[in-house]
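# Analysis of the macromolecular model
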Amino acid sequence: MKTPFFPSNLLAAAIGSIALTSLSVFSQNTVAQNDVAQADLLEEVVVQGSYSRSLQSALDTKRNAVGVVDAIASEDIGKFPAQNIAEALQRVTGVAVVRDRGEGVYVRVRGLGSNFQVTSLNNRAMAVNENVRTSGQFGRQFRFDTLPAELVSSVEVIKSPTADLDEGAIGGTVNIKTFKPLDLDGSKYTGSLQASHAELADKTDPRLSGLASWTNSDNTFGALVSAAYAERSVRQDRSLNFGWTQSAGIDTDGDGTVDSGPIITPGGIRPTLELEDRERMGIASALQWRPSDIAEVNFDIFYVDQTVNYDEFTYSADYNVNKLTPGSAVIRNGALIGGSTTDGAVQIGRESSGINDENLALGLNGALYLGNWKLSGDLFHSTADSEDADPIIRTRFRRTSGVAFDFYFPKVDGDSVPSITYQNADLTDPEQWLGRRLEWRTIRAEDEEQALKFDAERELNVAGLTKFTTGIKLRERSRNYDRRDLVLINGIEGEVFDDSYFEPFPVSGFLGDAKGEFPTLWLVPDESKFWSNYPSATDLAAPLSSGDLRNSYRIEETITSAYGMVDMEHQLGGLPLKGNVGVRVAQTEQTSSGHASVGGVTTPVSFDEDYTDVLPSANFTLNWTDDLLTRAAVAKVITRPDLQDMAPRLTFNSGDVNTASGGNPLLNPFEAWQYDLTLEWYLDKVTALSAGVFYKDIETFIQTQKSDLLFNGVVYELSSKVNGSNAEVTGMEVAYQQVFDQLPAPFDGLGLQANYTWTDSSAVYVDNDQSVKGELEDVAKNSYNITAFYEKDGFGLRLSYSWRDGVLNQIGTNSLASENKAEFGTLDLSASYDLSDNVTVFVEGINITDQAQQDFVQGDEFRSYTDYGSTYSLGVRASF
């Protein structure tokens, strides 16, 4: 066990450097002079622009926080500075987004993957919608595409926890706040209407939102309702392969002798067209009652319903590396990147589904002030259901051998994809393609979170202690995951279907911005003809198969936590010092239920696991002046295992060695000690410069390897997720923002917002009982965001550029090569003009430089290319 309170030498050096520099620059006389000068300056600054006001609000949140916190705020009611919350968050220091089909879906804080973050709604942990489109699972990771930005007033990114905060985030806690009527200073009514055009999809979609808020004359009762409706058309052009495999070598000349030396070889090539039509409706409402200064009651509802109709079209070029035409192999820097085959295989397919995501959150809380005491309670219930309302259906055609083609993989250069030249196959001729099978799948994931919390807070004035807070919380979490599969082969396999069974290709210019030679048209099965009689009522009434049972599971989790925390204010060397120290204790009980295959028989199984975590934390702020401060924080933190990794989807095999594969219901959480030190300088209400260093020592880290599992008195060798590895993350953040109102007109409306994050990571992985040391997966070493804006006389213009370095996507184990995401940057635009005090017209652009995303292996060898194009919006907003 590592000593918890001592960070790395690098962090210690950085801490000492910042502290010594600050002490040497600011003497007591300078402190007093700066106090006076800053007080005068704050009186002079008048923030007029709406984006500037949002920066000021976010800066106030950061400045007044006890720990390390960053924030973004709505520019006005229903006017968040991005169409997607995740995309707005990428402008926060240390935050990067994970994009899917051109939209920010998940967030990473300080480089750590999205599974290390906790997302809360008004300080309550939310249930999360699962990914049922591709059958991949993301467990506890909140999907931001289900959250309308118009319903959000602000978002906090809490990087250093306090004892009163729910545990579970090694990266950070993202707290989403919705509008409250008594916070809006009187009755308000707003609305917006816009048209959004996706260039690649070549479709224009509507987006509407509105808010109505009323308060009584004495401002003791208020009611609010807001709603947002949006449609979104998506087209995504892709080319990818199925991964690169490490090999001791291949026979390049056909003489039966391996002669290439160690190389990596690519899987088959798969060009893919993806189309989506999304429809989302969101509603948020709140009631507030403050009958007196000593009591308040709040009730809020949040509801989102999203439907996604998905259609995928694809073909493949599959080869056997041992059957390449002798002398055709092209090898570059230890990678097979080209060749010819006369015995390849090709699959043509279509996949579609209709997905429904529903999210409901209900919250009731109140507070009572009795003398020096504040007593409060909170009751919360949240559900997130995701299902294939229209099941996933796949229509497949395949030639398993005898297809001759040449292939070539380019180096990753931003717009190149693999070339494919078929010698004896026409992808548009139905006579050449035999049916393979029809596949049907339905998934339903039901996630539920409910919590009951009581807190007590007392003002103190003893030995520099100002407040004592304690509380207890009971959380119950459940995940039901049900999956069913059907396959039809009879009447399909080996059959030839005429032209009437196929439709025209749905788009033109497939992968038109990419360089490479490959077919851009292929057969599109008419699903209505293939699926008219299948599955029948008899098919659907058939008993669940062994595979259906093993792919389904239920996770139940009960968390009982309690905390105590004291706030303090002292003088350190004549300088104000404030902070808090506390400890949180959380006991977690988990039950994982499902089915396992034991000796060929599918059997119900259930596993219980429990653990207790003691999580101390401390946050301190030292004010060198009123406007220059240093924050220091230390905490022990955890992240619980992803729910799907705990699922007992187990297959047991008995023999000379008893083995098992699948999920691991006995996983313990990730555990880490983390340290933060920042220096923050607030020049005026909207101008600030800050820098900070952080270090995370992840003592237990989950990865895939082998372990012993005891089941029914028998020990099995389990290949699954296990605890045991460790990792470290060291980083630095720098942020700056300013409105240049001191410049002469008309330049006094200029402003700048910028931040940069550097993250260095290392992790130990186990591969076939050998330790492999490398970078932590999903961590970008360098990332930055720059926003330049201009606001004056009702006109506003904003350009935002976000960039991240290449990312290790997956460490190479089990003979697979490591995969990486190439560096990626995107430029967004927003312009507006106030027609009056109440009406504004605006135009917005997302990814206006039309950047594509690429993945690569071993230097710069191709893994995938994804192009989702640019999106532009034109709209009008009114407020009364």
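What comes next concerns the included structure. (Residues numbered from 1 in each chain as written. Predicted model: local features only at pLDDT ≥ 70, side-chain atom pairs only at ≥ 80, totals over all residues. Heavy atoms only, no water.)

With that settled, the discussion passes to the overall build of the chain. Helix and strand content of the chain: eight helices and 42 strands. Within the chain, the proportion of its 880 residues that are buried is 54%. Residue pairs in contact within the chain that sit at least 24 positions apart in sequence constitute 73% of those at least 6 positions apart. With the model as given, the accessible surface of the chain reaches about 35500 Å², and the carbon-plus-sulfur share is 53%. (Helix = DSSP H or I, 4+ residues; strand = E, 2+ residues; numbered from the N terminus. Buried < 20%, exposed > 50% of the residue type's maximum accessible area, 1.4 Å probe, protein only. Contact = heavy atoms within 4.5 Å. Areas by Shrake-Rupley, 256 points an atom, 1.4 Å probe, with all protein chains shown as cover.)

This part takes up the packing of aromatic side chains. Where two aromatic rings form a pair, the distance of their centres and the angle of their planes describe that pair. All chains considered together, the criterion is met by 27 aromatic pairs. Note on Y51 and F789: the rings are 5.0 Å apart at their centroids and 70° apart in plane angle, and the pair reads as edge-to-face. With Y51 in helix α3 (residues 50-64) and F789 in strand β34 (residues 782-792), the pair connects residues that are 738 residues apart, well separated along the chain. Of the residues examined, F789 reaches a relative accessible area of 4% and is grouped as buried. Judged by centre distance (6.2 Å) and plane angle (55°), the ring pair of F409 and F862 falls under tilted. Separated by 453 residues along the polypeptide, F409 in the loop between β17 (373-408) and β18 (419-422) and F862 in strand β41 (residues 861-867) bring together distant segments of the chain. (Phe/Tyr/Trp six-rings, centres within 6.5 Å; stacked < 30°, edge-to-face > 60°.)

This paragraph deals with the sheet that holds strand β7 (residues 172-178). Spatial ordering of the open sheet is given by β1-β6-β7-β4-β5, a layout of five strands whose pairing is mixed. Each of the sheet's edge strands pairs with one partner strand only, and the pair in question is β1 (69-73) and β5 (124-125). Where β1 lies against strand β6 (residues 152-158), five bridges are found, and the strand directions are antiparallel. Its bridge partner lying in β6, A73 is registered against S154. (Pairing = 2+ DSSP bridges.)

A word on the environment of Y481. Among the structural elements, Y481 can be located in strand β20 (residues 465-488). Remark: the alpha-carbon pair of Y481 and I555, spanning 74 residues in sequence, is separated by 8.7 Å.

Our focus in this paragraph is the pairing of strand β26 (residues 628-639). For β26, a buried count of 11 out of 12 residues is recorded, marking the element as mostly surrounded by other parts of the structure. The pairing of strand β25 (residues 601-623) with β26 spans seven bridges and is classified as antiparallel. Residue pairing across strands places N623 opposite L629, the latter belonging to β26. Connecting β25 to the antiparallel partner β26 that follows it, the hairpin turn spans four residues.

So far we have only geometry, and geometry alone does not tell us how the molecule works.
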